[in-house]
Amino acid sequence: MAKILIVEDNALNIKLFCDLLAAHGHEPEAVTDSRSALDAARNFQPDLVITDIQLPHVSGLDLIRMIRSDDKLAAIPIMAVTAYSAQGDEERIRAAGAQAYVTKPISVVRFAQTVDELLQATSSGRAADSGNGGTEGSQEPGVEEPGDEASAT
Ligand code: MN
C-alpha cells in the first residue's frame with residue numbers, strides 16, 4: 001500500500017484515479033488546485049505524485065520542477081498525466097523531472113502498471129538494483145530496443 005497524491009483539476013478524473021488506486025490497495029489523496037499541491041505533498045508525504053499537466057494557475061510542468069527543486073520532496077517519483085501528446089511533450093515532461101507519463105484517456109491497465117513500476121523502482125531503489133534476480137517474465141516488451149544494427153547499409 002502506498003500513499004499517492006493526485007493533482008488534477010477534473011473531478012471525473014479524480015474519481016477515476018482514486019477509485020483505481022484504492023482498488024489496488026493504495027491510499028489516494030487529491031488536490032484540485034495546483035497552488036496547494038506543494039503544501040499537500042509536505043503534509044501527506046506521498047510515495048508517489050500523479051499530476052495532470054494541463055492545470056490552471058501552476059502548470060503540471062512547473063509543479064514537477066517545483067517538487068524536484070524542493071529538498072523535502074525531490075526524491076518522490078512523479079507520474080504525469082496529459083491529454084495531449086504532441087511531439088516533444090514526453091521530452092519536456094521527463095526533462096522537468098517526471099519518471100513516467102500516461103496520456104488521457106488513460107488505459108486503466110497501463111495506468112496501474114505504471115504506478116506499480118514507479119513504486120517498485122523506489123522501494124527497491126537506492127540499493128542500486130541488487131535485487132535483480134535475472135528471470136524476466138512480466139516485463140513490458142518493446143521498451144528497449146537494441147537499435148538499428150540491421151544488415152546492409
Ligand atoms: Mn486538467
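Predicted, not measured: the structure shown is a model, and the values here were computed from it.

**Focus on the environment of Y84**
Alright, step 1. Tracing the sequence through the fold places Y84 in the loop between β4 (78-82) and α4 (89-96).
Alright, step 2. Taking the C-alpha atoms as reference points, Y84 and T103, separated by 19 residues in sequence, lie 6.8 Å from one another.

**Here's the deal with the nonpolar core**
Alright, step 1. V7, V49, I50, I64, M79, A80 and A98 are the most contacted members of the largest nonpolar core, which has 30 residues in total.
Alright, step 2. Discounting chain neighbours no more than four positions away, the residues touching V49 are L5, V7, A41, I67, I76 and I78.

**Regarding the pairing of strand β1 (residues 3-7)**
Alright, step 1. Taking burial as the measure, the 5 residues of β1 include 4 buried ones, the bulk of the element.
Alright, step 2. Note: β1 against strand β2 (residues 27-31), 5 bridges, orientation parallel. By the bridge assignment, V7 is partnered in β2 with V31.

**A word on the confidence of the model for the chain**
Alright, step 1. Considering every residue of the chain, the mean pLDDT works out to 85; 81% of them sit at 70 or more.
Alright, step 2. Across residues 126-153, where pLDDT falls below 50, the model places 2 contacts with residues more than four positions away in sequence or in other chains.

**A short note on the pairing of strand β3 (residues 48-52)**
Consecutive side chains of a regular strand alternate in pointing toward one face of the sheet and then the other.
Alright, step 1. With 5 of 5 residues buried, β3 lies mostly within the body of the structure.
Alright, step 2. Burial along β3 is two-sided: L48, I50 and D52 and V49 and T51, pointing in opposite directions, are all buried.
Alright, step 3. Here β1 runs beside β3; their pairing, made up of 4 bridges, is parallel. The residue of β3 that forms the bridge with L5 is V49.
Alright, step 4. Across 4 bridges, β3 lies against β4 in parallel orientation. Within the sheet, the bridge partner assigned to V49 lies in β4 and is I78.
Alright, step 5. With helix α3 (residues 60-68) bridging β3 and its parallel neighbour β4, the resulting β-α-β unit is right-handed.

**Here's the deal with the sheet that holds β1**
Alright, step 1. Judged by pairing direction, the sheet is parallel, and its 5 strands sit side by side in the order β2-β1-β3-β4-β5 without closing on themselves. Here the strands that pair on one side only, and so sit at the sheet edges, are β2 and β5 (100-103). Taking each pair of neighbouring strands and ignoring which way they run, the sheet shows an average axis angle of 20°.
Alright, step 2. With respect to the sheet, helix α5 (residues 108-123) is in contact with β3, β4 and β5, its orientation differing from that of β5 by roughly 175°.

Reading guide: rules and limits
Residues numbered from 1 in each chain as written. Predicted model: local features only at pLDDT ≥ 70, side-chain atom pairs only at ≥ 80, totals over all residues. Helix = DSSP H or I, 4+ residues; strand = E, 2+ residues; numbered from the N terminus. Core = buried A, V, L, I, M, F, W, Y, C linked by C-beta atoms within 7 Å. Buried ≥ 20, exposed ≤ 12 C-beta atoms within 10 Å, placed from the backbone. Contact = placed C-beta atoms within 7 Å. Pairing = 2+ DSSP bridges. pLDDT = per-residue confidence, 0-100. Right-handed = clockwise from strand over helix to strand, strands pointing away. Axes fitted to C-alpha atoms, helices over the stretch in contact; angles between N-to-C directions.

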